[in-house]
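Structural description and commentary
Given next are the chains, with one letter for each unit.
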Amino acid sequence: MSIRTVDKVAVEARAASFQTRSIKNESKRQGLLMVTSMVDLTTLEGKDSAAKVRSLCQKAMLPDAALPHVPSVAAVCVYPRWVELARELLAGSGVKVASVASAFPSGQVDLATKLVDVRAAVQAGADEIDMVMHRGAFLSGQYEVVSAEIRAIKEACGGQHLKVILETGELETYDNVVRASELAIAAGADFIKTSTGKVQPAATMPVTLVMLETIRSHFLATGQMIGMKPAGGISRAKDALHYLVMVKETLGDAWLSAKWFRFGASSLLNDVLLQLHRLESGQYTAYYDVTES
Amino acid sequence: MSTSARLGVLKTYKLFVNGAFPRTESGRTLAVVDTKGKLLAHVCHGSRKDLRNAVVAARSAAPGWAKRSAYNRTQILYRMAEMLEGKAEEFTRVLASTVPGGNRRAAKEVAAAIDRLVAFAGWADKFGQVLGNNNQVAAPFYNFTVAEALGVVCIVAPSEEPLLGLVSLLAPVICAGNTAVLLGSEAHPLATAIFGEVCATADVPAGVVNLLTGKRPELLAVMAGHRDVDGISAAGCSKAERTILELGAAENLKRVTVEKINGPAWYHETKMHAPYRIQPFVEMKTIWHPSGV
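A few points on the structure. (Residues numbered from 1 in each chain as written. Chains lettered and ligands numbered in written order. Predicted model: local features only at pLDDT ≥ 70, side-chain atom pairs only at ≥ 80, totals over all residues. Heavy atoms only, no water.)

Quick notes on the sheet that holds strand S8 (residues 231-235) of chain B
All names here are of chain B. One open sheet accounts for five strands, arranged S7-S6-S5-S8-S9; its pairing is parallel. The open sheet is flanked by strand S7 (209-212) and strand S9 (255-259), the only strands paired with a single partner. Taking each pair of neighbouring strands and ignoring which way they run, the sheet shows an average axis angle of 15°. Contacts from helix H6 (residues 162-175) reach strand S5 (152-156), strand S6 (179-183), S7, S8 and S9, with the element oriented near 165° to S6. Docked against the sheet, helix H7 (residues 190-200) engages S6 and S7, running at close to 160° with respect to S7. (Pairing = 2+ DSSP bridges. Helix = DSSP H or I, 4+ residues; strand = E, 2+ residues; numbered from the N terminus. Axes fitted to C-alpha atoms, helices over the stretch in contact; angles between N-to-C directions. Contact = heavy atoms within 4.5 Å.)

What follows is the structure, encoded as structure tokens:
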């Protein structure tokens, strides 16, 4: 367990410094295409329906029919009950199916129920499981409980990718974020993820930086790479480009692929597409230039 | 006892976008000289990115403004007249020092601008009766036509009559529930810069009126090509400027209205206060409602 403390002022200043880079023209175009390939296109609402999942999957495979050179997104992220449908629709496309499981977003059920949830999602064909960490136990210092849960869920995943959502908006301090990240990594997380998107603040640049630095320390100590997924609140293409700069300058080029870095987002993709349209046509775009969903 | 004369505090003129007074993102300024060629002030030299930001503000304000009751729009336009009346002296002084014609001409222009706002304040909850209709149809239908707001309208104000021209083009547009992005008089930009203070204190919701100062050659083509702009209203344009507006607008079929109004015609109340000046900035919706079946 780490005894270091995070320098809040320095982290926030460093995170802010990534936002001053000017990324234009061809580098912007390349960056936007890379962002698209890293998006976990997400719908996690009570009102989700088969029709919504269908249109989401369509958009995931072909983000914009008018821009055929734009790659498909990395994954579609849905609730477990929609995994089977998404699996069927995305078959052969290369787009992964990610499912939130373990009583998302609160995680407030017992472990046995979480395991049922996770196994059901895996059974239905999920490639990736996004679990929520037990924040109640973490904040009351029961690290063993948190760790045991993650280990059990990792086992239930049966080899499928596990992303552990820390819900940094509830963790209060950067020190807690470091501790939670280390704990999740030690317990078998393949990815660590900032937020459910249901709690404010969700992903921020400083909190993502703290997690990236933890991944870096782990890599330097063990040689093992861990993935990172900021989620929630990243809705503008410009912000996403700033995140890419941060990843490059913290972890290096090796992490600049959908294998190691993802954006959990729903509206980000459309802003990226609008920016690409702008680069193509030279004209400012309108909301009706891209499809909803 | 102080022997030195007090130094006057000079006003920094800025843009008016989304209810706030930002400086231009370009950091550029334009010098304003009085009729004798003496430097009077500097105003912002707005850029295409300022225009882009203003359109974003106008678009997000559009649904809310159109949804307000017509009566409430009446109240707000009248409030603008009240606030302009309160600033009449300042406007008269600024206009008299920059526009040939002196004090008497300036006072007349300010008075006419106030009256114009009052006239369109009156029309806000009445033009619907004039432009709309209860249509006679030879079938069992109740058939009626209503005038609805167009959306975001860009306005190119004339160079002469810098205040009256601005108000004459702006009032019909916002009266109908549209939001406006206005490029003020290029030759005499001070009235535009000060008019933001009228809007800011008259309960005009943020984003409904956005005021830019700058140069036409830089902004007209961007305005005309912007796909998220629904209409353009201009006056005092050269043939070349008119062509730029119409060519750019053809791309997304935005409606372009270029008025030819000169000198005394700005003061012609019968023509300038007519509700038909609102007509280019509304969409007519006809509804067929079954009746008597």
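Here's the deal with the pairing of S8(B)
Residues and elements named next belong to chain B. Of all the five residues making up S8, five are buried; the element is thus mostly covered by neighbouring parts of the structure. Here S8 shows a buried face lined by Gly231, Ser233 and Ala235 and a second buried face lined by Ile232 and Ala234. As defined by bridge partners, S5 adjoins S8 across four bridges and the pair is classed as parallel. By the bridge assignment, Ile155 is partnered in S8 with Ser233. Bridging between S8 and S9 involves five bridges; their strand directions are parallel. When the bridges of S9 are listed, Ala234 appears paired with Val258. The parallel pair S8 and S9, bridged by helix H9 (residues 239-250), forms a crossover whose chirality is right-handed. (Buried < 20%, exposed > 50% of the residue type's maximum accessible area, 1.4 Å probe, protein only. Right-handed = clockwise from strand over helix to strand, strands pointing away.)

Quick notes on the nonpolar core
All names here are of chain A. Val35, Ile150, Val164, Phe263 and Leu268 are the most contacted members of the largest nonpolar core, which totals 88 residues. For this core, the element with the highest residue contribution is helix H10 (residues 237-250), accounting for eight residues. In contact with Ile150, other than residues within four places in its own chain, are Met131, Leu162, Val164, Leu183, Ala184 and Ala187. (Core = buried A, V, L, I, M, F, W, Y, C linked by side-chain atoms within 4.5 Å.)

What about a positive patch on the surface?
Taken together, the side chains of Lys24(A), Lys238(A), Arg48(B) and Arg52(B) define a basic patch exposed on the protein surface. Its location among the elements puts Arg52(B) in helix H1 (residues 48-67). Since its relative accessible area comes to 30%, Arg52(B) is described here as partly exposed. (Patch = residues over 30% accessible without salt bridge, like charges linked within 9 Å, V, L, I, M, F, W, Y side chains within 5 Å. Areas by Shrake-Rupley, 256 points an atom, 1.4 Å probe, with all protein chains shown as cover. Salt bridge = Lys/Arg side-chain N within 4 Å of Asp/Glu carboxyl O. Lys, Arg positive; Asp, Glu negative; His and termini not counted. Charge placed at Lys NZ, Arg CZ, Asp CG, Glu CD.)

Focus: the interface of chain B and chain A
Counting residues at the interface gives eleven residues for chain B and nine residues for chain A. Carbon and sulfur atoms make up 45% of the area that chain B and chain A hide from each other, which totals about 900 Å². Linking chain B with chain A are one salt bridge. Of the charged contacts in the structure, one is a salt bridge between Asp289(A) and Arg227(B), with a shortest N-O distance of 2.5 Å. Between the two partners, chain B and chain A, sit five residue pairs in polar contact (both at pLDDT 80 or more). Elements represented by at least two residues in the side of chain B that touches chain A include exactly H1 and helix H8 (216-225) of chain B. If one sorts the elements of the side of chain B that touches chain A by residue count, H1(B) sits on top with four residues. Looking at the side of chain B that touches chain A residue by residue, the classes come out as one nonpolar, three polar and seven charged. (Buried area = accessible area lost by both parts, 1.4 Å probe. Polar contact = N/O pair within 3.5 Å; in protein donor to acceptor, adjacent residues only side chain to side chain. Nonpolar A, V, L, I, M, F, W, Y, C, P; charged D, E, K, R; others polar.)

Some words on unusual backbone geometry
Keep in mind that most residues, glycine aside, have a negative phi and that most peptide bonds are trans. Note the cis peptide between Phe104(A) and Pro105(A), where omega equals 0°. The amide bond that connects Gln200(A) to the next residue, Pro201(A), takes the cis arrangement and shows omega of -5°. You can see Pro201(A) is positioned in the loop between strand S6 (191-193) and helix H9 (205-222). Despite not being glycine, Asn25(A) shows a phi value in the positive range, around 45°. The class of Asn25(A) is exposed, set by a relative accessible area of 55%. Of note, Asn18(B) is a non-glycine position whose phi angle comes to about 55°, a positive value. When you line up the elements, Asn18(B) lands in the segment before strand S1 (29-33).

What about the packing of aromatic side chains?
Tallied over the full model, the rule gives nine aromatic pairs over all chains. Where Tyr142(B) meets Phe144(B), the ring centres are 5.0 Å apart and the plane angle is 40°; that geometry is what we call tilted. Here the aromatic cluster, defined as three or more aromatic residues joined through ring pairs, consists of Tyr243(A), Phe261(A) and Phe263(A). (Phe/Tyr/Trp six-rings, centres within 6.5 Å; stacked < 30°, edge-to-face > 60°.)

A short note on the packing of helix H2 (residues 70-86) of chain B against H6(B)
Residues and elements named next belong to chain B. Viewed as axis vectors pointing N to C, H2 and H6 meet at an angle of 165°, and their least axial separation amounts to 11 Å. Considered as vectors, H2 and H6 are oriented roughly antiparallel to each other. In this structure, H2 crosses over H6, and the sense of that crossing is right-handed. Between H2 and H6, the residues in contact are Arg73, Leu77, Met80 and Leu84 and Leu163, Leu170, Ala171, Ile174 and Cys175, respectively. (Parallel < 35°, antiparallel > 145°, perpendicular 65-115°, else oblique. Left-handed = near helix turned anticlockwise from the far one by under 90°.)

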